[in-house]
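Chain by chain, the residues run as shown.
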Amino acid sequence: MNGYLIALIVLTAWILAVYYLNRSKWFEKHGMSLMGPMVMWKTRKGRDMIDRIARRERVWSFYGKLSLWICAGAMITIMTLLIWEATIVSQVETAPSPELILGIPGINPVIPLWYGILGLLVAIVVHELSHGILTRLGKMKLVSLGVLFFVFPVGAFVEPDEAELQRTTRMKRAKVFAAGPASNLLLALVVLGIFSGLMMSSLQPVHEGALATGVVEGSPAYYADIPQTSVLVSVGGFSVASPDDVDSLTGIEPGTNVTVDYYYSGELRTAENLVYGLVISYSVEGYAASEGGLDAGMVLVSLNGTTIRNMDDLHDAMDLTYAGQAVDVSVMSYDESFDGFTVDPDIASLTLSDKYDFYEEYYPGDNDVAYMGDGYLGAGFLPLGLNLRYADHYSSMLAHPFEDDSSLDDFSMSWLRLIALPFLELAPVRSPVTDLYEPSGSMAWMPDGAFWVIANSLYWIFWLNLMIGLTNVLPAVPLDGGYLFRDAFDYVVSRLRKGYTQEQRDKVVGAITLAFALSVLFLILWQLVGPRLLN
């Protein structure tokens, strides 16, 4: 049955059940009320538990102060990120859909439903419980606790006495507001440590070989239907234990038909009559390869009289050339009428570009005066048309997300890659990626199915806690960060303008707070509207 139809049936049943129970006064009898289609259950139960937790005053007082520093750092981080994203909007070809802005399972297409529900529940319970503990630490009343239902539990809340919250000191109030998002962020870091340091670090490849993380369209591997996430085991009878084994192959002539054995989706498979050679993965417009007619998917057979078996052969050939030199070239391209790769008679020579000019345009930070006058093709090359990595590529990336980071830029990019795993189709981790690895060491006892359910659950608890924590520290009322910003600015105004009346101070603080809230809203909406207006 179609998933949308199932969702429609469940939603309709929920609305009918809510309507019937509301008419029969069932909700009223059980201390529940409606918020639109959601059912809100308020209770005083649980307050004693919060009181018991809050008794360790010195611990929670320290935690409240720590929360303020965490929220301050997170607020600066998320605002910097929003401003940076606003500056690169013109480079975004396709604007994100509005659903991607909402972190709601079932609405946001990136968030899987059940993992998303689990992560969201954990995040909301931790968030609200932290508010409750710091409220009681400040000797303020908790009016009620509760749960929100919409088919399933979608949230929890702690309701402090608003009058007492407004009358208390700025510091006590700030600790209450800061505790929620800070707890989400700290929990995210702890869960990430378990996910990466324990779960992902225990993985080992099921089969050794060279992992294909990408396939060039139109290449020999593409037409042989070798899929991404395949692990190459042998090429032309030569065993493959790593990408280095493929890169260093010298015993096969380019253009030769070879048999490739590979491991995919839990089984060994074979692709026959695959044309061997170094494949053009891309050619940059305006430079030698593109100007000479070399397109992605073609197999480079020879250049300037040198047979090209691998990248070492290509480097050796290019070392003997200079910019502006006309060199002979032989390539093979796919011929539909022949249903195979043949030598392209239309491409026999090309004129090389200047390596210095290319780097100056695309990689100015890596340019070198020594490149001046060197011949350059302006293209990328991959063996068989496969982007090959070590077999532990995915497990290593998830187990050591910040490995080899040597600068703040590297660290920032690692964080962005970690958060972007859902967009890379690596969260939740599923087959065929899960077929590549098996738990070992301390996790070897766990069945594969249970292992991946727990691992994926941990990732989404991390992801949603991080997102909820960062969202809530934005300086925009009614978010926690908005209230923190308002009180902080109120303190600054009270120190700088001691002669102001309360009414004057409230007017200034209110105007600044509103301006920041509107700025945050603009920065978020600009990500949706900007690409459409500028492109």
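Refer to the structure above for everything that follows.
Because the structure is a prediction, the values reported are computed rather than measured. (Residues numbered from 1 in each chain as written. Predicted model: local features only at pLDDT ≥ 70, side-chain atom pairs only at ≥ 80, totals over all residues. Heavy atoms only, no water.)

Asker: Whenever I open this one, the overall build of the chain confuses me. Can you help?
Answerer: A count of helical and extended segments in the chain gives 18 helices and 21 strands. Per-residue burial over the chain gives 45% buried out of 535 residues. Considering only contacts within the chain whose residues lie at least 6 apart along the sequence, 68% involve residues at least 24 apart. Counting every atom, the chain has about 28,000 Å² of accessible surface; 58% of that belongs to carbon and sulfur. Across the chain, the mean location of the 33 positive side-chain charges is 33 Å away from that of the 57 negative side-chain charges. (Helix = DSSP H or I, 4+ residues; strand = E, 2+ residues; numbered from the N terminus. Buried < 20%, exposed > 50% of the residue type's maximum accessible area, 1.4 Å probe, protein only. Contact = heavy atoms within 4.5 Å. Areas by Shrake-Rupley, 256 points an atom, 1.4 Å probe, with all protein chains shown as cover. Lys, Arg positive; Asp, Glu negative; His and termini not counted. Charge placed at Lys NZ, Arg CZ, Asp CG, Glu CD.)

Asker: Help me out: how do you make sense of the layout of surface pockets in this one?
Answerer: In this approach, a probe sized like a water molecule rolls over the atoms, and the result shows the empty space that is left. The computed volume of the second largest pocket comes to approximately 770 Å³. Lining the second largest pocket are 23 residues, and of these T77, L81, F411, S412 and W415 lie nearest its centre. Put simply, the parts of the chain that give the lining of the second largest pocket at least two residues each are helix 4 (57–87), helix 8 (170–199), helix 15 (408–419) and helix 16 (448–472). With 10 residues, helix 4 is the largest single contributor of residues to the lining of the second largest pocket. By residue class, the composition of the lining of the second largest pocket is 18 nonpolar, 4 polar and 1 charged. (1 Å grid on protein atoms, 1.4 Å probe; cavity = no way out; pocket = protein on both sides within 12 Å on 5 of 7 lines; lining within 4 Å. Points joined across faces, edges and corners; volume = space filled by probe spheres on them. Nonpolar A, V, L, I, M, F, W, Y, C, P; charged D, E, K, R; others polar.)

Asker: So what exactly am I meant to see when it comes to helix 6 (residues 113–137) here?
Answerer: A turn of α-helix holds 3.6 residues, and therefore any two residues three or four places apart point the same way. Taking 1.5 Å per residue, 25 residues should reach 36 Å; helix 6 reaches 36 Å between its end C-alpha atoms and fits that length. Just downstream of helix 6, K139 is the residue with a positive phi angle, here 65°. (Expected span 1.5 Å × (residues − 1).)

Asker: I tried to follow the pattern of salt bridges on my own but got confused; where do I start?
Answerer: Should their charged atoms come close, side chains of opposite charge can pair. Inspection of every chain in the model, using the stated rule, returns 8 salt bridges. R173 is the partner of D487 in a salt bridge, and the nearest nitrogen-oxygen pair spans 2.7 Å. Of this pair, D487 sits in helix 17 (residues 480–496) while R173 sits in helix 8, placing them 314 residues apart in sequence. A relative accessible area of 9% places D487 in the buried class. Residue classification places R173 among the buried residues on the basis of a relative accessible area of 9%. With its nearest N and O atoms 3.1 Å apart, the salt bridge here joins E253 to R309. With E253 in the loop between helix 10 (243–247) and strand 9 (257–264) and R309 in the loop between strand 13 (306–307) and helix 12 (311–318), this residue pair connects regions lying 56 residues apart in the sequence. (Salt bridge = Lys/Arg side-chain N within 4 Å of Asp/Glu carboxyl O.)

Asker: Before we go on, may I ask you to explain the nonpolar core in this structure?
Answerer: As a rule of thumb, nonpolar side chains are buried together in soluble globular proteins. M200, F451 and F462 are the most contacted members of the largest nonpolar core, which has 80 residues in total. With 13 residues, the single largest contributor to this core is helix 16. Discounting chain neighbours no more than four positions away, the residues touching F451 are M199, M200, S202, L203, P439, M443 and M446. (Core = buried A, V, L, I, M, F, W, Y, C linked by side-chain atoms within 4.5 Å.)

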